Every structure is written in C-alpha cells, then in structure tokens.
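# Structure at a glance
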Amino acid sequence: MNKKVWVYGKPFSGKTTFAAKAPKHLVLSTDGNAQYVTDSYKVINDEVTKNGRMIQRKFAWEVFEEEITKLEVGSDYETIIVDLVEDIYEMCRLYMYDKLGITHESDDSFRAWDKIRTKYMSTMRRLMNLPYNIVLISHEDTSKDITKKSGENITAIKPNLNEKVANKLAGMVAVVGRAVCDNGEYTFQVKNDEVTFGGGRLGINNVTIPLDWSEISKLFNKNKKESK
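## Quick look at the pairing of strand S5 (residues 54–58)
Consecutive side chains of a regular strand alternate in pointing toward one face of the sheet and then the other. Of the pairings in the sheet, the one linking strand S4 (residues 47–51) to S5 comprises five bridges and is antiparallel in character. Following the sheet pairing, Asn51 is matched in S5 by Met54. Hairpin geometry of S4 and S5 is characterised by an intervening segment of two residues between the two adjacent antiparallel strands and by a positive phi of about 65° at Gly52.

What follows is the structure, encoded as structure tokens:
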C-alpha cells in the first residue's frame, strides 16, 4: 500500500529527517534543507540561463511540473517528498501572475484566486495519483486565535497554507499529523478537533507515536488489516 502522508510542524521538529528515512526517496526541496539529511534531492527554484545577450528564466513552478512529468513516465524511486508544499503554492502564484499579467489576485477581479488554486490543485493531484509513497511537508501556523465552543480563546494549530487549499490537499492524503519536538523527543501527533488540524482516512484520532517512518507504516498496516 502506497502511503500518502502530510506532516507539518515548527522548524527543527524533525519533519525532513523523518521523511528522508522513507524507502528510495526523492526530496523535491524548496528551501535546500534536504541537503543536510540526504543526497537524493532536487532543489526547486527559478532556473536562469544566458543565451548570448538574452537572459531566460524558467519559473520554479515550471521546474516542479517538469519533475512531476518525469515521475509520471516512471522512475526507480518509491517515495516522493515535497518540502515545503506552501512554497510550491507561492511558486504557482508567481508563475500565474506572469501568465495573467497581474501583480496580485485582486488585479483580476479576484478570479485569479480560483485560477491559481485550480492550477495548483490539478498539479498536486497528478502528484498524488502517482504510484509512490508521497510525503508532504509544511511549517505550522499558530498566528490565528479562535474561540472554542466553551468560550475560551486559544491559538489554532494548522499548516502554513491557505485554508481552502489546505482542506482540499488534506482530502488527497491518508493521514495529516503534526511533528513535535519536546525535550529532544520527536513525535507525530494526529488530532482532529476545533484547535488542531489533522486526521485522515485511517480512522485514527488523538494518537501520538514516535516520528519514525516504521511507526507511521504500522498505522497503515493496522488499517489495512482492520479493513479486510
């Protein structure tokens, strides 16, 4: 069973290190941090070339799409890691700005919001449909305060991604969890409540396990046995 996982957390919470323990992996890295934990990575950024006096720029989003196309053709990899998915979304925005001739979504009577989300989600769906393990990585966002049903004000914990996009992306994976480092102990926490973004199709909630590929694989294996 191919595993589709989305893990988010604070910087240095072990997300990339965890993902790089997955079998035969390729990290599509937007921040270059993958170089510290693996030799199997591709940095996704703008590519600038010079042809005579002409300067040509290939947008980072185009580089990302090309990598997806290569993977669709086939490869020896078993796991594809996207680190970070919110950076890929920003790359999509900049690419679409150029195509639409705008500098912000509001320049297109806000229709650009839908155009950008459609472009991003259609490409991410291509990725998620590939016959590999897929690991999505995000930073977490704790900038939004919410009021619980009890009336208590508390900070929401969620991936650092547009809410509409995050909800659709969550529907493409089997499990969404938070990476947490507490006194040197790295854990993967799956919660789905009014405060914490998480959960998924594995039928688990309020679960904390070591942030380890083998431990997360057990969740999938357990779900597979119970579904028979």
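## Focus: the packing of helix H4 (residues 111–128) against helix H5 (residues 163–170)
Axis separation between H4 and H5 bottoms out at 11 Å; the angle between their running directions is 20°. Compared by their axis directions, H4 and H5 come out roughly parallel. In this structure, H4 crosses over H5, and the sense of that crossing is right-handed. Between H4, through Arg117, Tyr120, Met121 and Met124, and H5, the contact on the second element is made entirely by Lys164, Val165, Lys168 and Leu169. When its residues are assigned to classes, the contact of H4 with H5 shows five nonpolar, no polar and three charged.

## Topic: unusual backbone geometry
Of note, the amide linkage connecting Asp83 to Leu84 takes the cis form, showing an omega dihedral of 20°. Note on placement: Leu84 falls in the loop between strand S6 (79–83) and helix H3 (85–100). Phi is positive for Phe12, which is not a glycine, with a value near 70°. Among the structural elements, Phe12 can be located in the loop between strand S1 (4–9) and helix H1 (15–19). You will see that Lys24, though not glycine, has its phi angle at about 40°, which is positive. Along the polypeptide, Lys24 turns up in the loop between H1 and strand S2 (25–29).

## Things to note about the nonpolar core
Ranked by internal contacts, the top residues of the largest apolar core, which has 44 residues, are Trp6, Phe64, Val85, Tyr120, Leu127, Leu136 and Leu169. When residues of this core are traced back to their parent elements, those giving at least two are S1, S2, helix H2 (60–73), S6, H3, H4, strand S7 (133–141) and H5. The element that contributes the greatest number of residues to this core is H3, accounting for eight residues. Among residues more than four places away in sequence, those in contact with Phe64 are Leu28, Ile44, Val82, Ile88, Thr123 and Met124. Core analysis: the second largest hydrophobic core is formed by 23 residues, Val175, Ile209, Leu211 and Trp213 among them.

## Concerning the packing of aromatic side chains
A full pass over the atoms with the stated rule returns six aromatic pairs. Ring geometry for Trp6 and Phe197: centres 5.8 Å apart, planes at 70°, overall edge-to-face. On the criterion of sequence distance, the pair formed by Trp6 in strand S1 and Phe197 in the loop between strand S12 (185–190) and strand S13 (199–200) is long-range, its members being 191 residues apart. Considering the side-chain rings of Phe59 and Tyr95, the 6.0 Å spacing of their centres and the 80° angle between planes classify their relative orientation as edge-to-face.

## A look at the environment of Leu169
Take Leu169: it is sitting in helix H5. According to the relative accessible area criterion, Leu169 is buried, its value standing at 0%. Between the C-alpha atom of Leu169 and that of Met124, which follows or precedes it by 45 residues, the distance is 8.0 Å. Residues within four places of Leu169 in sequence aside, it is in contact with Trp6, Val85, Tyr120, Met121, Met124, Leu136 and Leu161.

Calculation notes
- Residues numbered from 1 in each chain as written.
- Predicted model: local features only at pLDDT ≥ 70, side-chain atom pairs only at ≥ 80, totals over all residues.
- Heavy atoms only, no water.
- Pairing = 2+ DSSP bridges.
- Helix = DSSP H or I, 4+ residues; strand = E, 2+ residues; numbered from the N terminus.
- Axes fitted to C-alpha atoms, helices over the stretch in contact; angles between N-to-C directions.
- Parallel < 35°, antiparallel > 145°, perpendicular 65-115°, else oblique.
- Left-handed = near helix turned anticlockwise from the far one by under 90°.
- Contact = heavy atoms within 4.5 Å.
- Nonpolar A, V, L, I, M, F, W, Y, C, P; charged D, E, K, R; others polar.
- Core = buried A, V, L, I, M, F, W, Y, C linked by side-chain atoms within 4.5 Å.
- Buried < 20%, exposed > 50% of the residue type's maximum accessible area, 1.4 Å probe, protein only.
- Phe/Tyr/Trp six-rings, centres within 6.5 Å; stacked < 30°, edge-to-face > 60°.

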